[in-house]
Amino acid sequence: MRIALVQVASPPEETPDDRRARVGRMVSGARGADLVVLPELWAPGYFAFDAYAERAESLDGPTVTAGRKWAQELGAYVHLGSVVERDGRGRLFNTAVLVGPDGTIAHTYRKVHVFGYASREAELLTPGDRLDVAETSWGRVGATTCYDLRFPELWRGLVDRGAQTVVVPAAWPAVRREHWRLFTSCRAVEQQLVVVACNAVGVQDGGVELGGSSRVVDPWGTVLAEAGQDEGITLCEVDPDVVGRVRAEFPVLADRRWPLAPEPAPERKPVSAPPPDPAPEREPASVSTPEPEQTTGQETT
């Protein structure tokens, strides 16, 4: 399987329409790839928070429509990174989209862990609540997006659904590039799958520099490809059978014992207070009984 990672910059002075046209020309250079992958929110610009509402689109909007055409022209799967999706209720999501070679939408994923640290994504977008995988010609493919790399339980959910490859579009800042490298390798090894991670480059709104270093990591942790920090296409060959072989040879996933049933707490007998010391015996005192009061037959309160 041949993978093309397309690193894209989203400069603030460029309009989304101009960027779509430019990226379309870039994608055409990936001919011969089986899977083409773009970064997170490359069309609107991840850090263009004030423009999210204006640049939001449905899944038949301009970005997905263009991507469907690219996939048909290439005869390949094209993972469009993600778009700011507006649903029928007006909610906004960070939605990753995979298009098949026939131009149909093969898979979508709404980002579950929206980012709040030095970002307005969590303020503006609704978190996703669904996790599934797509059947492709080389196996089952899932997706997470950027910040999701920090949540291994989400990835284990994809493994439980049969994922063998996980695509990760991202807008990961350069200041945390080593975290990016660490997590992409770690998720590949611990989940025994192929991680295909495509990051943005360049400087976006607010002067944030993106980290690039898009990479493909196999289940042994071998980095099969890593891009630099510039726009362009990085090509990589991946053996589609590598996941099955690794899982059979080193069956970590079969040894899982989680969730571990809690052991019952030992039975404890109630502790009662000791009885009071008996009072010393003594002669009863003489008690005089008063005469009963006379009543008038009326009730009193």
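Cut-offs used in this document
Residues numbered from 1 in each chain as written. Predicted model: local features only at pLDDT ≥ 70, side-chain atom pairs only at ≥ 80, totals over all residues. Heavy atoms only, no water. Pairing = 2+ DSSP bridges. Helix = DSSP H or I, 4+ residues; strand = E, 2+ residues; numbered from the N terminus. Axes fitted to C-alpha atoms, helices over the stretch in contact; angles between N-to-C directions. Contact = heavy atoms within 4.5 Å. Phe/Tyr/Trp six-rings, centres within 6.5 Å; stacked < 30°, edge-to-face > 60°. Buried < 20%, exposed > 50% of the residue type's maximum accessible area, 1.4 Å probe, protein only. Core = buried A, V, L, I, M, F, W, Y, C linked by side-chain atoms within 4.5 Å. Right-handed = clockwise from strand over helix to strand, strands pointing away.

**Observations regarding the sheet that holds strand β2 (residues 35–37)**
Then, in step 1: Spatially, six strands are ordered β5-β4-β3-β2-β1-β14 in an open sheet, and the strand pairing comes out mixed. Edge positions in the sheet fall to β5 (105–110) and β14 (232–237), since each has one partner strand and no second. Going across the sheet, the axis of each strand differs from the next one's by a mean of 25 degrees, ignoring polarity.
Then, in step 2: Relative to β2, strand β1 (residues 2–7) runs parallel, the two being bridged by three bridges. From the neighbouring strand, A4 faces β2, where its bridge partner is V36.
Then, in step 3: Helix-sheet contacts for helix α3 (residues 62–74) involve β2, β3 (77–86), β4 (92–99) and β5, and the interaxial angle to β3 is about 175 degrees.

**So, the packing of aromatic side chains**
Then, in step 1: If you walk through the whole model with that rule in mind, you get 12 aromatic pairs.
Then, in step 2: With centroids separated by 5.8 Å and ring planes inclined at 70 degrees, the aromatic side chains of F47 and F49 adopt a geometry described as edge-to-face.
Then, in step 3: A relative accessible area of 11% means that F47 is categorised as buried.
Then, in step 4: Note on Y77 and W138: the rings are 5.0 Å apart at their centroids and 90 degrees apart in plane angle, and the pair reads as edge-to-face. A residue pair is termed long-range when its members are at least 10 positions apart, and Y77 in strand β3 and W138 in the loop between β6 (134–136) and β7 (139–143) qualify at 61 residues.

**Let's talk about the pairing of β3**
Put simply, side chains in a regular strand alternate between the two faces of the sheet.
Then, in step 1: Most of β3 sits out of view: nine of its 10 residues are buried.
Then, in step 2: For β2 and β3, the ladder comprises three bridges, and the chain directions are parallel. Residue pairing across strands places L35 opposite Y77, the latter belonging to β3.
Then, in step 3: When β3 meets β4, the two strands line up antiparallel, connected through seven bridges.

**Here's the deal with the nonpolar core**
Then, in step 1: The biggest cluster of nonpolar side chains holds 23 residues, and the ones touching the most others in it are L149, W155, V166, V168, W172 and V195.
Then, in step 2: When contributions to this core are tallied by element, the ones reaching two or more residues are α5 (152–160), β8 (165–170), α6 (177–191) and β9 (194–199).
Then, in step 3: Ranked by the residues each element gives to this core, the list is headed by α5, at four residues.
Then, in step 4: If near-sequence neighbours (up to four positions away) are discounted, W155 is found in contact with T144, D148, L149, V166, V168, R187, Q191, L193 and V195.
Then, in step 5: The next biggest cluster of nonpolar side chains, apart from the first, holds 22 residues, and it includes L38, A43, A76 and V78.

**Examining the pairing of β9**
Then, in step 1: Here β9 lies mainly inside the structure; six of its six residues are buried.
Then, in step 2: Going residue by residue along β9, you find V194, V196 and C198 tucked away on one face and V195, A197 and N199 tucked away on the opposite face as well.
Then, in step 3: The pairing of β8 with β9 spans six bridges and is parallel. In the sheet register, P169 faces β9, and the bridge partner there is C198.
Then, in step 4: One crossover worth recording links β8 to the parallel β9 by way of α6, and it is right-handed.
Then, in step 5: Pairing between β9 and strand β12 (residues 215–217): three bridges, direction antiparallel. Within the sheet, the bridge partner assigned to V196 lies in β12 and is V216.

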